[in-house]
Amino acid sequence: MTNNLTLKIVTHNAYWFQGSSFIEEKPGDPLGEILERLIGIYSQLSPDVLCLQEVQSKRAVKEIAEKLRMKCFYAKGVLFPDYGGAIFLKKNIEALKYQYSQKNVARMWQKLSIRLASGKTITLCNLHLPSGRLLGKKSLVYRLHNLKQVFSEGEDPDILVGDFNEPPHGPVYEYMLPRGYIDVAKGEEPTTLGGLRVDYVWVHRRVLKTVLEYSVYKNIVFPEKNIFLSDHYPIIAVIALK
């Protein structure tokens, strides 16, 4: 952390560490070269908090945590188990209370309360809402239902990040605004190879002092294979907290 009240967050849909050429419905284990290169990027970015979506196993999470020397928390996907997620913390951040989705959601959410070096406590949420890939037109209903569950179980998060599978100003986006959350993105830069902005960092106004940095990290080309390391780009946000 730059100082006690500054937090650097990276969120990324890792696409099961298969690379952008993957077209199957069910992934196998992470591909070694893809995993290693993404770990290298995460290490280079050096976030205080790293949130990943589309992580298929606890074993993969533990490998990432060991190589990044970070604490880790994993949640398996509920209706679709391969759609798991993980939160990673730098060692100097204390983990307090951890909750995760266990029923009635398509993919997953995780909530983790943490204590910063300053003593300030905040609650983070890593979230992956469903697309129409497996649910078709029902996906919008699932997205709203799954998001509402985040707020109905435990305390409301101060920061929500992840793949919302919906562009700005859709029903999910409009659900967040009156609850006091701020979309920290600057502009409408796409977060996917397909040109959509569906990955977000939302911070509640009660904790947000200012946004120091927001960027979409696009250097994820794997030139030797002529592919990208994922179908989503990592999102970087540095925020100053009140």
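Preceding this paragraph is the structure being described.
J.: Help me out: how do you make sense of the overall build of the protein chain in this one?
T.: Each helix and strand counted, the protein chain has 5 helices and 14 strands in total. Seen along its three principal axes, the alpha-carbon backbone of the protein chain occupies a region of about 45 × 40 × 35 Å. Taken over 242 residues, the protein chain has a buried fraction of 55%. When the accessible area of the protein chain is evaluated, it comes to approximately 10,300 Å², of which 51% is carbon and sulfur surface. Looking at the protein chain, you have 32 positive and 25 negative side-chain charges, and the mean spots of the two groups are 5 Å apart.

J.: Hey, could you run me through the sheet that holds strand β14 (residues 235-241) in this one?
T.: Across a sheet, strands are paired by hydrogen bonds formed along the backbone, either parallel or antiparallel in direction. Strand order in the open sheet formed by 6 strands is β3-β4-β2-β1-β14-β11, with mixed pairing between adjacent strands. Each edge of the open sheet is held by one strand with a lone partner, namely β3 (70-75) and β11 (208-216). Taking each pair of neighbouring strands and ignoring which way they run, the sheet shows an average axis angle of 15°. When strand β1 (residues 6-13) meets strand β2 (residues 49-55), the two strands line up parallel, connected through 5 bridges. Considered in β2, the bridge of Val-10 is made with Leu-50. This element, helix α1 (residues 32-45), spans β1, β2 and β14 of the sheet and lies at about 165° to β1. The strands touched by helix α2 (residues 58-68) are β2, β3 and β4 (84-90); relative to β3, the strand with the most contacts, the crossing angle is about 165°.

Conventions and cut-offs
Residues numbered from 1 in each chain as written. Predicted model: local features only at pLDDT ≥ 70, side-chain atom pairs only at ≥ 80, totals over all residues. Heavy atoms only, no water. Helix = DSSP H or I, 4+ residues; strand = E, 2+ residues; numbered from the N terminus. Buried < 20%, exposed > 50% of the residue type's maximum accessible area, 1.4 Å probe, protein only. Areas by Shrake-Rupley, 256 points an atom, 1.4 Å probe, with all protein chains shown as cover. Lys, Arg positive; Asp, Glu negative; His and termini not counted. Charge placed at Lys NZ, Arg CZ, Asp CG, Glu CD. Pairing = 2+ DSSP bridges. Axes fitted to C-alpha atoms, helices over the stretch in contact; angles between N-to-C directions. Contact = heavy atoms within 4.5 Å.

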